[in-house]
Amino acid sequence: MKTQDRHEQFLRAKERVDAIKDFYGSLLSYCIVIPFLAWLNWQTTSFAFPWVIFPAIGWGFGLLMQGMAAYGYNPLWGKRWEERKIREFMAADDNGSSL
């Protein structure tokens, strides 16, 4: 394997590790903040209006998307889609046309 290929492989692996670390940091924040907001909701309204569900669902959805991206699962714009688009653009460049 060439040195350039090895370096690119290292950079991709480092990027993926950073994404996973960021995901776990966000997960930890979620696990601290949401229970605090639930406690605050209880103290202020006794859950007469459970407003805590809005940030829990919104942030939870974002966390789910971040986790899927960090672990390489994205059914819409995943690795296969990226590779297919790269091949498509490279083929268009070889033919002298643009997409």
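Because the structure is a prediction, the values reported are computed rather than measured. (Residues numbered from 1 in each chain as written. Predicted model: local features only at pLDDT ≥ 70, side-chain atom pairs only at ≥ 80, totals over all residues. Heavy atoms only, no water.)

This next bit is on the overall build of the chain. The secondary structure content of the chain amounts to three helices and zero strands. Reading the secondary structure of the chain in the N-to-C direction produces α-α-α. The C-alpha atoms of the chain give a radius of gyration of 21 Å, which is well past the 13 Å a tight globule of 99 residues would have. The principal-axis extent of the C-alpha atoms belonging to the chain is close to 65 × 30 × 15 Å. (Helix = DSSP H or I, 4+ residues; strand = E, 2+ residues; numbered from the N terminus. Rg over C-alpha atoms; globule rule 2.2 N^0.38 Å.)

This part takes up helix 1 (residues 3-45). In this model, helix 1 (43 residues) spans 62 Å end to end at C-alpha, consistent with the 63 Å of a helix rising 1.5 Å per residue. Of the residues making up helix 1, those classed as buried are Ile-20, Phe-23, Tyr-30, Ile-34, Leu-37 and Asn-41. Looking at the buried positions of helix 1, the neighbouring elements they touch are helix 2 (53-70). Two residues or fewer after helix 1 comes Ser-46, characterised by a positive phi angle close to 50 degrees. (Expected span 1.5 Å × (residues − 1). Buried < 20%, exposed > 50% of the residue type's maximum accessible area, 1.4 Å probe, protein only. Contact = heavy atoms within 4.5 Å.)

This paragraph deals with a nonpolar patch on the surface. A surface patch of nonpolar side chains, amounting to about 350 Å² of accessible area, comprises Leu-28, Ile-32, Val-33 and Trp-59. Considering each element in turn, the nonpolar patch owes the most residues, three residues, to helix 1. (Patch = residues over 30% accessible without salt bridge, like charges linked within 9 Å, V, L, I, M, F, W, Y side chains within 5 Å. Areas by Shrake-Rupley, 256 points an atom, 1.4 Å probe, with all protein chains shown as cover. Salt bridge = Lys/Arg side-chain N within 4 Å of Asp/Glu carboxyl O.)

Right, let's get into the layout of surface pockets. Computed from the structure, the largest pocket encloses a volume of approximately 400 Å³. At the level of secondary structure, the elements contributing two or more residues to the lining of the largest pocket comprise helix 1, helix 2 and helix 3 (79-95). The residue inventory of the lining of the largest pocket, partitioned by class, reads seven nonpolar, three polar and five charged. (1 Å grid on protein atoms, 1.4 Å probe; cavity = no way out; pocket = protein on both sides within 12 Å on 5 of 7 lines; lining within 4 Å. Points joined across faces, edges and corners; volume = space filled by probe spheres on them. Nonpolar A, V, L, I, M, F, W, Y, C, P; charged D, E, K, R; others polar.)

Positive phi is not limited to glycine here, since Ser-46 has a value of about 50 degrees. Structurally, the position occupied by Ser-46 is in the loop between helix 1 and helix 2. Residue Ser-46 is classed as partly exposed on the basis of its relative accessible area, which comes to 47%. For Phe-47, which is not glycine, the phi torsion reads 60 degrees and is therefore positive. Following the sequence through the fold, Phe-47 ends up in the loop between helix 1 and helix 2.

All we've got here are geometric facts, nothing functional implied.
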